[in-house]
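# Structure assessment
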Amino acid sequence: MSFRNTPLAVIQDVDKETLLTPELRAEIDKHVAKYPPEWKQSAVMPALTLVQDHNGGWLSRELMDQVAAYLDMPETAVYEVATFYAMYDLEPVGRHKVCVCNSISCMLGGAEELMHHIEKKHNVAPGGTTADGKLTFKEFECLGACRHAPVVMVDKAYHECVTPDAIDKIIDDLD
Amino acid sequence: MAENQNTVCFRTMHLDARVRHTLESYRSVGGYRQWERILREKPDPDQLINEVKTSALRGRGGAGFPTGLKWSFMPRSKPDQKYIVCNSDEGEPGTCKDRDIMRYNPHQLIEGMAIAGYCIGATIGYNYIRGEFYEPIARFDEALEEAYAAGLLGKELLGSSIDFDLYTHLGAGAYICGEETALLESLEGKKGQPRFKPPFPAQAGLYGKPTTINNTESLASVPVILEKGGQWFLEQGRPNNGGPKLFSVTGHVARPDNFEIPLGTPFRDLLEMAGGVSGGRALKAVIPGGSSVPVVPGDVMLTTDMDYDSITKAGSMLGSGAVIVIAEGTCMVKVLANLAHFYAHESCGQCTPCREGTGWLARVLDRMLAGQGRTQDLDLLDNVAGRIGGRTICALGDAAAMPVQSFLKHYRFEFEYLVEHGRPLVEAA
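Calculation notes
Residues numbered from 1 in each chain as written. Chains lettered and ligands numbered in written order. Predicted model: local features only at pLDDT ≥ 70, side-chain atom pairs only at ≥ 80, totals over all residues. Heavy atoms only, no water. Helix = DSSP H or I, 4+ residues; strand = E, 2+ residues; numbered from the N terminus. Buried < 20%, exposed > 50% of the residue type's maximum accessible area, 1.4 Å probe, protein only. Lys, Arg positive; Asp, Glu negative; His and termini not counted. Charge placed at Lys NZ, Arg CZ, Asp CG, Glu CD. Expected span 1.5 Å × (residues − 1). Arc of directions from axis to C-beta. Contact = heavy atoms within 4.5 Å. Buried area = accessible area lost by both parts, 1.4 Å probe. Salt bridge = Lys/Arg side-chain N within 4 Å of Asp/Glu carboxyl O. Pairing = 2+ DSSP bridges. Axes fitted to C-alpha atoms, helices over the stretch in contact; angles between N-to-C directions. Core = buried A, V, L, I, M, F, W, Y, C linked by side-chain atoms within 4.5 Å. Domains from an automatic or database assignment. Bend = angle between axes of the 7 residues up to and from the residue.

### Overview of the overall build of chain A
Per the secondary structure count, chain A includes seven helices and four strands. N-terminal to C-terminal, the α/β element order of chain A is α-α-α-α-β-α-α-β-β-β-α. Each of the 175 residues in chain A was classed as buried or not, and the buried ones make up 54%. For chain A, the distance from the average site of its 16 positive side-chain charges to the average site of its 28 negative ones is 3 Å.

Next up, the structure:
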């Protein structure tokens with residue numbers, strides 16, 4: 001077999017009560033409970049998402065290490081996950097994330113025009129953060145809402161059939 | 001709405017939009033009757049699997065593999081824990097149907113997963129939902145709570161000896177996790193890199209245990225197949241192409257939307273349902289099954305029917321049922337470059353031909369669009385695509401290669417014009 005079907009379980013010598021926050025641990029535990037007891041690592045993705053949300057939208061190395069210790073995983077295994085998936089940010093980000101879908105249906109629906117508009121108006125390139133720290137602007141691959149193209153995900157909400165005027169209003173309304 | 005629309009996965013669609021996703025609404029259309037009947041009567045699972053086989057339901061995620069046959073591969077008599085996993089990692093560009101099933105009719109997916117679990121001997125199910133789907137995730141979780149509270153999920157259900165627990169698993173943004181073995185890796189808390197097969201998931205899947213993975217729409221179709229019979233479902237479509245199917249019609253149409261219509265419906269009719277080509281333009285091309293399948297010229301599509309076998313005859317694949325409509329006046333080189341960038345970004349990096357080749361395709365197309373294309377670039381594109389296809393562990397490599405070869409076949413003159421003149425034949429996209 002070319003894959004390992006055994007957990008990577010590495011028990012780190014650390015008091016788990018000192019890791020993260022009690023609230024985060026309780027939230028992560030809810031996910032851990034979904035999987036077989038020896039497969040705590042199955043909860044690594046939701047755990048990283050929770051920790052990232054709690055940390056203003058990004059994951060520091062120290063936080064990833066704490067997730068590793070909490071889930072009995074090698075630290076590198078957590079880094080592998082955090083670097084692989086597009087929703088994790090490993091550098092500080094703006095207060096809000098504006099993710100414009102530019103896959104085929106959104107492109108045909110005017111996503112490029114929308115992206116250029118944001119770039120110009122806010123002086124920010126895809127992947128960058130505005131000088132005032134308000135927005136991190138990302139070009140995203142298909143968000144799976146193609147019938148409402150172009151689609152923009154702002155933090156946790158989808159906005160559909162977004163025009164340049166509409167995105168201005170959406171961004172203005174953010175704090 | 002035509003009479004034969006919204007008969008399966010969208011059967012709650014006509015109800016009040018504020019409550020159509022609730023348990024009560026689902027019950028009002030006959031929901032959970034099949035699951036309750038199974039809990040009461042404990043029918044032979046093979047009998048149920050045969051019903052699904054009769055229906056000719058084919059995997060709705062894109063591969064089109066017969067669902068009943070897939071279920072029959074499970075070693076049900078083995079004492080191991082077995083799993084049913086739903087693939088709601090919808091991300092094939094153009095596809096937006098599973099999202100709406102979870103938003104509008106989540107209970108039918110739950111019932112379908114419970115029935116599938118019974119058929120294959122699995123007492124635990126996971127629904128892997130892509131992380132960006134905050135709203136569908138919340139809807140599905142709400143429905144799970146309702147189903148648990150009503151005693152439809154959990155242990156010793158309705159006083160029987162049958163257990164079924166169902167959980168949501170959250171993704172975090174990776175197209176490749178829609179590949180079933182990458183999805184299993186991801187569920188095990190790892191990078192989503194596809195596994196080499198064999199062993200197939202039915203032998204060694206999640207946590208090394210026998211596992212069946214089905215698409216959201218496939219599983220959500222099951223309760224209706226059992227209610228109305230496999231024969232009824234089959235007759236909604238065509239032989240070997242049973243049932244209605246959801247089509248996400250997007251791109252240059254006046255009213256992009258999801259349509260649940262019988263397989264075998266003429267493309268011309270589907271285009272009309274979506275309001276025709278937008279802006280009164282002529283139809284140039286259609287990508288009929290999600291971004292991974294070959295493009296088909298508009299005039300060919302206008303004489304083709306929407307079912308697996310007809311689309312194959314037209315030189316493409318039905319895939320996920322995502323119909324991307326492209327109007328006259330669109331630069332096909334630009335469209336292909338968009339697709340190439342997608343695959344370059346989403347290649348998991350495991351197999352060299354795909355990891356390197358997808359980047360090459362994107363860069364060569366960028367060079368052409370920047371007016372620096374070379375005459376030999378056309379052959380280079382074809383050559384690189386040919387060296388990816390069939391040489392990788394999973395189908396992402398093929399998915400990146402097929403559009404290239406089909407675009408070059410049908411729209412070669414646009415590529416040639418761009419190389420020769422340094423600007424596209426068609427300026428406005």
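Additional details are given in the paragraphs that follow.
### Some details on helix α7 (residues 134-149) of chain B
All names here are of chain B. Taking 1.5 Å of rise per residue, 16 residues should cover 22 Å, and α7 covers 23 Å from first to last C-alpha, within 8% of that figure. Taken as a whole, α7 has its buried residues at P136, I137, R139, F140, A143, L144 and A147. Each buried residue of α7 lies within a common arc of 160° when the element is viewed along its axis, so the set occupies one face. Along α7, the residues that are exposed and aim more than 90 degrees away from the buried face are E145 and A149. Directly after α7, the chain includes G151, whose backbone phi takes a positive value near 75°.

### Concerning the interface of chain A and chain B
Counting residues at the interface gives 44 residues for chain A, matched by 65 residues for chain B. Buried area between chain A and chain B, summed over both chains or domains, comes out near 4300 Å², and the portion from carbon and sulfur atoms is 61%. Remark: the boundary between chain A and chain B carries four salt bridges. The salt bridge involving B:D257 is made with A:R147; its shortest N-O contact spans 2.9 Å.

### Concerning the sheet that holds strand β2 (residues 135-140) of chain A
All names here are of chain A. Pairing in this open sheet of four strands is mixed, and the strands run β2-β1-β3-β4 from one edge to the other. Because the sheet does not close on itself, it has two edges, and the strands there are β2 and β4 (157-159). Pairs of neighbouring strands in the sheet enclose a mean axial angle of 20°, with direction left out of account. Across six bridges, the pairing between strand β1 (residues 96-101) and β2 is parallel. Looking across to β2, one finds that V100 is bridged to E139.

### Section: the nonpolar core
By size, the foremost hydrophobic cluster in this structure holds 172 residues, and its most contacted members are A:L48, A:L71, A:Y85, B:W35 and B:F415. Examining the composition of this core, we find that 11 residues originate from one element, helix α17 (residues 396-421) of chain B, more than from any other. Apart from the residues lying within four places of it in its own chain, the contact partners of A:L71 are A:I28, A:V32, A:K40, A:Q41, A:A43, A:V44 and A:A47. Counting 22 residues, the second-largest nonpolar core is a separate cluster that includes B:I261, B:A274, B:M301 and B:V325.

### Considerations on the sheet that holds strand β1 (residues 83-88) of chain B
The strands making up a sheet associate through backbone hydrogen bonding, with each pair oriented either parallel or antiparallel. All names here are of chain B. Ordered by their spatial adjacency, four strands build an open sheet running β3-β2-β1-β4, and the pairing between neighbours is parallel. Because the sheet does not close on itself, it has two edges, and the strands there are β3 (165-170) and β4 (211-215). Across the sheet, the axes of successive neighbouring strands diverge by a mean angle of 20°, strand direction being ignored. Of the strands in this sheet, β1 and β4 touch helix α9 (residues 216-228), which is tilted by about 90° from β4.

### Details of the pairing of strand β8 (residues 283-287) of chain B
Residues and elements named next belong to chain B. The buried count for β8 comes to five of five residues, which makes it a mostly enclosed element. As paired elements, β8 and strand β11 (residues 322-327) share four bridges and run antiparallel to each other. Along β11, the bridge assignment pairs I287 with I324.

### Side note on the domain arrangement of chain A
For interface size, the figure often reported is the accessible area lost on association. Assigned domains of chain A: these are domain 1 (3-84) and domain 2 (96-172). Here the C-alpha centre of domain 2 of chain A lies 30 Å away from the C-alpha centre of domain 1 of chain A.

### Regarding α17(B)
Residues and elements named next belong to chain B. Helix length check: α17, at 26 residues, gives a terminal C-alpha distance of 33 Å against a target of 38 Å (1.5 Å per residue), a shortfall beyond 12%. Of all bends in α17, the biggest is about 90°, found at Y411. At the exit of α17 stands G422, carrying a positive phi of roughly 75°.

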